[in-house]
Amino acid sequence: MSVNLKVHKPYVLYEEGDHKFVWLGLDESEHEKGILTNQYLIVDGDEGALLDAGGYFVFERVYENVKEFIKPENIKYLLFSHQDPDVIGSLNLWLDVAPNAEIYVSELWERFLPHLGFEAAGKIIDIPDQGMSIKFGKSEIKAIPAHFMHSVGNFHYYDPVSKIYFSGDLGAAVFPAGKWYLFVENFDEHVKYMEPFHRRYIVSKKAIDHWLEQIKGLDIKIIAPQHGSIFQGENVKKFIEWLKSLDKVGIDYIW
Ligand SMILES: [Fe+2]
Ligand SMILES: [Fe+2]
C-alpha cells in the first residue's frame, strides 16, 4: 500500500506587530530517515530565536523555511531543550549560516556539545538547573526547568508575548507512516500516539509533579512539542490533566 507523504509549508502560530511564533514546516518523508520533528522560530523585530534546530537531515528544510521570516545571520539564539541528536544534530550547519548565534543549553550538557566539532569558545551559555530569563527583542524568553522529562538536564521555552510554550519532547506523539496532523483535534484519539513515549521516556512521576509546579501561574495558550501535534484551546488543559493521570512512568513503569 502506498502512502501519500506530503510536504507542509511553515505555519504562523502567532503574529502581532513585529512579533511572530512560527512552526517551520515538515516533509512527511523525513519519517523514512528518523522520527518526525517540529522546529519553531520566534521573531521579534529583526531578531530570531530558533527552538530545537533539529537533526542533520532536516537542516535544508528548516533553513529554507527560516529564510522566509528572517535572515539566518540575524538568529540571535539557538535554544536547545536537551542533547539528543534529533535536537542538536544540525548545530554545526547552523553555526555556519548564523555565526553570531549564542547557544543555550543545560549546564549539564555544555561540555558535551563541543564534541560535534564546532569552535565552542564563548558560544555556549549554560542554563542553570533553576532556569533563567533570556532577553529577546522587546521581551524575554523563559527557560523553564523540565528535568527528567526526559533528559536529566532539560528545559522548555516559554514566550510570554505569544503565550506559546515549547515543550521539547513532552507532548511528543509518534505516528505511523502516512498519519500526521499539525493540531490535535480529538484529544482522546490522540492519546494512543503519545502514551508509549511518555510511559517509557519520562523518568518518574516525581518529575511530572515537579514540572507541574514549574508551570503553575503561566498563562499558556498553546503547547508546541518537538514531535507530533500542537495543543491549543481546551487541549492544553486536557494534555496537562492527562499527564497528571499517568500513574506509572519511567522507572516505575518498566521495573
Ligand atoms: Fe529527546
Ligand atoms: Fe526529541
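Relevant structure appears above.
Let me sum up the structure you'll find in this document. None of these values were measured; they are calculated from a predicted model.

**Observations concerning the overall build of the protein**
Now for step 1: Along the backbone of the protein there are 7 helices and 15 strands.
Now for step 2: Computed over the C-alpha atoms, the radius of gyration of the protein is 17 Å, within 12% of the 18 Å expected from 2.2 N^0.38 for a compact globule of 255 residues.
Now for step 3: Here the C-alpha coordinates of the protein stretch approximately 45 × 45 × 40 Å along the principal axes.
Now for step 4: Counting over 255 residues, the protein shows a buried share of 54%.
Now for step 5: Expressed as a percentage of contacts within the protein between residues at least 6 apart in sequence, the contacts between residues at least 24 apart total 62%.
Now for step 6: For the protein, the exposed surface amounts to about 11600 Å²; the carbon and sulfur share of it is 51%.
Now for step 7: Charge centroids of the protein, computed over 26 positive and 38 negative side chains, lie 4 Å from each other.

**Side note on the coordination of the iron ion (ligand 2)**
Now for step 1: All of the protein donors around the iron ion (ligand 2) are D86 (OD), D169 (OD), Q226 (OE1) and H227 (NE2); their distances to the metal are 2.1 to 2.2 Å.
Now for step 2: As a motif over one chain, the donors of the iron ion (ligand 2) read D-x82-D-x56-Q-H.

**A short note on the side chain of E30**
Now for step 1: Within the secondary structure, E30 is located in the loop between strand 4 (26-27) and strand 5 (40-44).
Now for step 2: Residues contacting E30, with those up to four places away along its chain left out, are L36, F57, V58 and R61.

**Brief notes about the coordination of the iron ion (ligand 1)**
Now for step 1: Listed as protein donors to the iron ion (ligand 1) are H82 (NE2), D84 (OD), H150 (NE2) and D169 (OD); their distances from the metal cover 2.0 to 2.1 Å.
Now for step 2: Classification of the site at the iron ion (ligand 1) as irregular follows from its 4 donor atoms and the range of 83 to 176 degrees in their angles at the metal.
Now for step 3: In this model, the iron ion (ligand 1) sits 3.6 Å from the iron ion (ligand 2), the two metals being bridged by D169. Summarising the burial analysis for this pair, H82 and D84 share the class buried.

**Examining the packing of aromatic side chains**
Now for step 1: Applying the stated criterion across every chain yields a total of 18 aromatic pairs.
Now for step 2: Their ring planes at 55 degrees and their centres at 5.0 Å tell us that F175 and Y181 sit as a pair that is tilted.
Now for step 3: Exposure remark for F175: the relative accessible area of 8% places this residue in the buried category.
Now for step 4: According to the relative accessible area criterion, Y181 is partly exposed, its value standing at 21%.
Now for step 5: Taken together, the ring pairs in this structure connect F187, F231, F239 and W242 into an aromatic cluster.

**Brief notes about the pattern of salt bridges**
Now for step 1: Here the structure, examined in full by the defined rule, presents 13 salt bridges.
Now for step 2: When the shortest N-O distance is used, the salt bridge between K142 and E140 registers 3.4 Å.
Now for step 3: Within the structure, one salt-bridge network assembled from shared partners comprises D18, D44 and K138.

**A closer look at the sheet that holds strand 13 (residues 164-166)**
Now for step 1: The strand order 10-11-12-13-14-15 describes an open sheet built from 6 strands, whose pairing is mixed. Each edge of the open sheet carries a strand with a single partner, namely strand 10 (132-136) and strand 15 (231-232).
Now for step 2: In this sheet, strand 12 (residues 155-159) lies alongside strand 11 (residues 139-145) in antiparallel orientation, the contact comprising 4 bridges. Paired with A143 across the bridge in strand 12 is Y157.
Now for step 3: Along the sheet face, helix 5 (residues 205-215) touches strand 11, strand 12 and strand 13 and points at about 160 degrees away from the line of strand 11.

What counts, and where the lines are drawn
Residues numbered from 1 in each chain as written. Chains lettered and ligands numbered in written order. Predicted model: local features only at pLDDT ≥ 70, side-chain atom pairs only at ≥ 80, totals over all residues. Heavy atoms only, no water. Helix = DSSP H or I, 4+ residues; strand = E, 2+ residues; numbered from the N terminus. Rg over C-alpha atoms; globule rule 2.2 N^0.38 Å. Buried < 20%, exposed > 50% of the residue type's maximum accessible area, 1.4 Å probe, protein only. Contact = heavy atoms within 4.5 Å. Areas by Shrake-Rupley, 256 points an atom, 1.4 Å probe, with all protein chains shown as cover. Lys, Arg positive; Asp, Glu negative; His and termini not counted. Charge placed at Lys NZ, Arg CZ, Asp CG, Glu CD. Donors = N, O, S within 2.8 Å, 3.2 Å for Na, K, Ca; no water. Tetrahedral: all angles 85-135°; square planar, octahedral: opposite > 155°, others 65-115°. Phe/Tyr/Trp six-rings, centres within 6.5 Å; stacked < 30°, edge-to-face > 60°. Salt bridge = Lys/Arg side-chain N within 4 Å of Asp/Glu carboxyl O. Pairing = 2+ DSSP bridges. Axes fitted to C-alpha atoms, helices over the stretch in contact; angles between N-to-C directions.

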